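Coordinate analysis (summary)
The chain contents come next:
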Amino acid sequence: DESPGSGIVHQIGSKVKVVFAVEDSGVGISPEFIQRLFDPWTQEDSASTKKHGGSGLGLSICKRFAELLGGEISVTSKQGEGSVFSVSFVAE
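Below you will find a few notes about this structure. Just so it is clear, the model here is predicted, and its values are computed rather than measured. (Residues numbered from 1 in each chain as written. Predicted model: local features only at pLDDT ≥ 70, side-chain atom pairs only at ≥ 80, totals over all residues. Heavy atoms only, no water.)

1. Remarks on the overall build of the protein
When you go through the protein residue by residue, the secondary structure sums to three helices and four strands. Listed by position from the N terminus, the elements making up the protein come as β-β-α-α-α-β-β. With 92 residues in all, the protein has 26% of them scored as buried. For the protein, the proportion of contacts with a sequence separation of at least 24, taken over those separated by at least 6, is 49%. (Helix = DSSP H or I, 4+ residues; strand = E, 2+ residues; numbered from the N terminus. Buried < 20%, exposed > 50% of the residue type's maximum accessible area, 1.4 Å probe, protein only. Contact = heavy atoms within 4.5 Å.)

2. Remarks on the pairing of strand β2 (residues 15-24)
Across six bridges, the pairing between strand β1 (residues 7-12) and β2 is antiparallel. Along β2, the bridge assignment pairs G7 with F20. Counting the residues that bridge the hairpin from β1 to β2 gives two residues, and of these G13 lies at a positive phi of roughly 60°. Where β2 and strand β4 (residues 82-91) come together, nine bridges link them in antiparallel fashion. (Pairing = 2+ DSSP bridges.)

3. Quick look at the pattern of salt bridges
In the structure shown here, the tally under the stated rule is three salt bridges. A salt bridge links E67 to K63, with the shortest nitrogen-to-oxygen separation between them at 3.8 Å. Here E67 and its partner K63 are both found in helix α3 (residues 58-68), four residues apart, which amounts to about one turn of the helix. Given the relative accessible area of 38%, E67 is considered partly exposed. The exposure class of K63 is partly exposed, given its relative accessible area of 31%. With a shortest N-O distance of 3.8 Å, E81 and K78 are connected by a salt bridge. Classification of E81 as exposed rests on a relative accessible area of 51%. K78 sits in the exposed class, given a relative accessible area of 51%. Through salt bridges with shared partners, one network takes in K63, R64 and E67. (Salt bridge = Lys/Arg side-chain N within 4 Å of Asp/Glu carboxyl O.)

Spelled out as structure tokens, the structure:
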């Protein structure tokens, strides 16, 4: 099943590629901001910080964990509809 929230495993020889996707129905993220989304201490605007909280570190930490596993994190988003975050890595 390749729907958000499921773990997807693809066999690659003796290795497997694992993909986890999480979908939300939040406010979405502007295309301009997605470029900086995984930078430390980054938030879209101060009004968002007051309304939703957070320090802007969570996604940069997730990115670093994914990279340490030899993988990556990505996002697709549509303002007013929500976002899908995916983490993938290869395991033996």
